[in-house]
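Structure assessment
Given next are the chains, with one letter for each unit.
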Amino acid sequence: NGITFGGVGSGTTVDHIDVAFNLDDGVEFFGGTVNVKYLSVIFVGDDAIDTDQGYSGSMQFVYVMLAADSNHGAEMDSIEDANQLAPDARSFPTVYNAHFVGHLQNAVGSVSSDDDTPAVLRLREGTGGVFGNMIVTNVGSAGVFQNDCGSETFTQDISDVTSQDFLFFSGNNIVSTGTGNGQQFVRQDACASKTPFSALNIDPQLVMLVGNPSESTPFIDPRPQRGGNAFNDVDSPPPGNGFIESTSFKGAFSDSDLWLSGLSWIDDNQQIPDNISGQTACGNIISDSTWSADEPILLTCQVFVKNGATLTIEEGATIFAYKDDGTDSGSAPSLIIERGAELIAVGSQFSPITFTSALPQRHLPQRGVWGGLIINGRAPVDGFTTANSLRVEGLTSTFYGGTDAFDDSGILSYVRVWYG
């Protein structure tokens, strides 16, 4: 295992932990009551998080990504004979504000697992527990797989939970099957006769998520989009649990705190942006719009200012461009002004407009980490014959050139473009 906790108590402080590419489990808890905040487990060989032998601590702000050959995002066990539990011996983990990222083409290749049934979460052997404010994505098989149940009581009413003999799974959790062929819940054995769980099967509306994450994934941003589904129907902390904080969001991150920055392997390998909060920009601009200098603009994909529209960028504004658009298409985020559109970008000597990379400063300077600024007009160009005869390199349907020598594409003054 990356980290093994054997009988570790709640007097121990554990926070901001990152485990990546471990052979067996990422983090395993054999009993104990230790609590953990800000835990990241990336691309391990078996289960990202494994609890067993009566573990009853709490975890909050948990991020897990599975590789194609990983096993489970979490395997929560209790005891092999789930009906032979001594009082207070049942495992009872509390997990709030977790995001488990599955893999749509998962084929378990663990060298150590006793079960290779594919699932993002595996709850078995009579485990109890409390699970709230969770997001599960990329469900290619089962979002939550349960078997070997014992006498524990399933509930989706937190007020029912009066002992460790309960398993609470919030109906407000998001288990998104998305474009995959998986099921939210799969049950076997004695679990099939218990109260069925439900969860929201909706898009959690994250900034950038890929279906098949790997060490070669160009870029991701797992934070929720402002005002998106991750901010609706948020669970309160479990009664009596002083470790779990109240939040306004589901999943591991708020829209303004990417706590993986500086900590995680995926930060070291330039797969996430710096911990910058701002307004995202992506897609077509079809009417007059303004990018304010009041907060950063996060350019997450190619933005096209269409014919007839004007984009105004305020003096002093900073645009942070992502390295990739997250679609596996190799499309670099760029700002494209099409023919007939205008860009009004007027900075000043000591308050210029800046286009730069969203990568952390320690990875800069470097060339070629976003797509740049592309302005297309209707002035004469050698080789122009028809409206669609000259196409911008790298773009499928954006053209330049024409016959109007006095064509006006706007104003570009005191503008800096870095690292494109």
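Read on for an overview of the structure.

About the thresholds
- Residues numbered from 1 in each chain as written.
- Predicted model: local features only at pLDDT ≥ 70, side-chain atom pairs only at ≥ 80, totals over all residues.
- Heavy atoms only, no water.
- Helix = DSSP H or I, 4+ residues; strand = E, 2+ residues; numbered from the N terminus.
- Buried < 20%, exposed > 50% of the residue type's maximum accessible area, 1.4 Å probe, protein only.
- Contact = heavy atoms within 4.5 Å.
- Areas by Shrake-Rupley, 256 points an atom, 1.4 Å probe, with all protein chains shown as cover.
- Lys, Arg positive; Asp, Glu negative; His and termini not counted.
- Charge placed at Lys NZ, Arg CZ, Asp CG, Glu CD.
- Core = buried A, V, L, I, M, F, W, Y, C linked by side-chain atoms within 4.5 Å.
- Phe/Tyr/Trp six-rings, centres within 6.5 Å; stacked < 30°, edge-to-face > 60°.
- Lys NZ or Arg CZ within 6 Å of the ring centre and 35° of its normal.
- Pairing = 2+ DSSP bridges.
- Salt bridge = Lys/Arg side-chain N within 4 Å of Asp/Glu carboxyl O.
- Polar contact = N/O pair within 3.5 Å; in protein donor to acceptor, adjacent residues only side chain to side chain.
- Axes fitted to C-alpha atoms, helices over the stretch in contact; angles between N-to-C directions.
- Disulfide = S-S within 2.5 Å.

Points about the overall build of the chain
The helix and strand tally for the chain stands at one helix and 29 strands. Counting only C-alpha atoms, the chain reaches 85 × 40 × 35 Å along its principal axes. Here the chain holds 420 residues, and 52% of them are scored as buried. Considering only residue pairs separated by 6 or more positions, the chain has 66% of its internal contacts joining residues 24 or more positions apart. Total accessible area on the chain is roughly 17000 Å²; 45% of this is exposed by carbon and sulfur atoms. For the chain, the separation between the mean place of its 17 positive charges and that of its 51 negative charges on side chains is 7 Å.

Digging into the nonpolar core
Formed by 40 residues in total, the largest nonpolar core has its most connected members in F29, L39, V41, I49 and F100. Looking at this core, the elements with two or more residues in it are β2 (13–20), β3 (27–30), β4 (35–42), β6 (58–65), β7 (74–76), β8 (94–101), β9 (121–124) and β14 (166–169). Once residues lying within four places of it in the same chain are set aside, the contact partners of V41 are V19, G26, V27, A48, I49, Y63, V64 and M65.

What about the packing of aromatic side chains?
All told, the structure shown has 17 aromatic pairs when counted by the stated rule. Between F5 and F29, the ring centres sit 5.1 Å apart and the planes meet at 10°, which makes this aromatic pair stacked. Of this pair, F5 sits in strand β1 (residues 3–6) while F29 sits in strand β3, and the two are 24 residues apart along the sequence. The residues F5 and F29 share a single accessibility class, namely buried. Members of the aromatic cluster, connected to one another through ring pairs, are Y38, F61, Y63, F249, F253 and W259. The aromatic ring of F243 is capped on one face by K37, whose charged end is 4.5 Å from the ring centroid. Here the basic side chain of R187 rests over the ring of F197, its NZ or CZ set 5.1 Å away from the ring centre.

A word on the pairing of strand β12 (residues 142–147)
The element β12 is largely enclosed, with a buried count of six among its six residues. Relative to β12, β9 is paired through four bridges, and the arrangement is parallel. By the bridge assignment for β12, L123 is matched with Q146. Relative to strand β16 (residues 183–187), β12 runs parallel, the two being bridged by four bridges. Within β16, the position partnered with Q146 by the bridge is R187.

Focus: unusual backbone geometry
The peptide bond linking L364 to P365 adopts the cis configuration, its omega dihedral lying at 5°. Look at N97: it is not a glycine, yet its phi comes out positive at around 55°. On the secondary structure map, N97 appears in strand β8.

What about the environment of P93?
By the secondary structure assignment, P93 is in the loop between β7 and β8. Between the C-alpha atoms of P93 and S40, which are 53 residues apart in sequence, the distance is 17 Å. Excluding residues within four positions of it along the chain, P93 makes contact with T51, Y55, G57, M76, T127, G128, G129, V130 and F131.

Topic: the pattern of salt bridges
Tallying each qualifying case throughout the model produces 12 salt bridges. The shortest N-O distance in the salt bridge between D255 and R226 comes to 3.2 Å. Of this pair, D255 sits in the loop between β18 (221–224) and α1 (265–268) while R226 sits in the loop between β18 and α1, and the two are 29 residues apart along the sequence. When its relative accessible area of 23% is taken as the criterion, D255 is described as partly exposed.

Section: the side chain of K194
Within the secondary structure, K194 is located in the loop between β16 and β17 (206–208). At 4.6 Å, E152 is the nearest oppositely charged side chain to K194, a buried residue that forms no salt bridge. One polar contact links the side chain of K194 to the main-chain carbonyl oxygen of G150, over a distance of 3.1 Å.

A short note on the sheet that holds β7
The strands that make up a sheet pair up through hydrogen bonds in the backbone, lying either parallel or antiparallel. If you walk across this open sheet you meet the seven strands as β1-β3-β5-β7-β9-β12-β16, and the pairing is parallel. This sheet does not close on itself; its edge strands, each paired only once, are β1 and β16. Ignoring strand direction, the axes of neighbouring strands in this sheet form an average angle of 10°. Inspection of the sheet shows strand β5 (residues 49–52) paired to β7 by three bridges, in the parallel sense.

Comments concerning the state of the cysteines
Scanning the entire structure with this criterion turns up two disulfides. The disulfide bridge from C282 ends at C301, spanning 1.9 Å between sulfur atoms. Judged by the sign of its S-S torsion, about 105°, the bond between C282 and C301 is right-handed. Residue C282 is found in strand β19 (residues 279–285), and its partner C301 is found in strand β21 (residues 297–305); the two are separated by 19 residues along the sequence. The exposed category is assigned to C282, whose relative accessible area is 53%. Judged by its relative accessible area of 11%, C301 falls in the buried class. With cysteine numbering restricted to those in disulfides and following the sequence, the chain has the pairing 1-2, 3-4.

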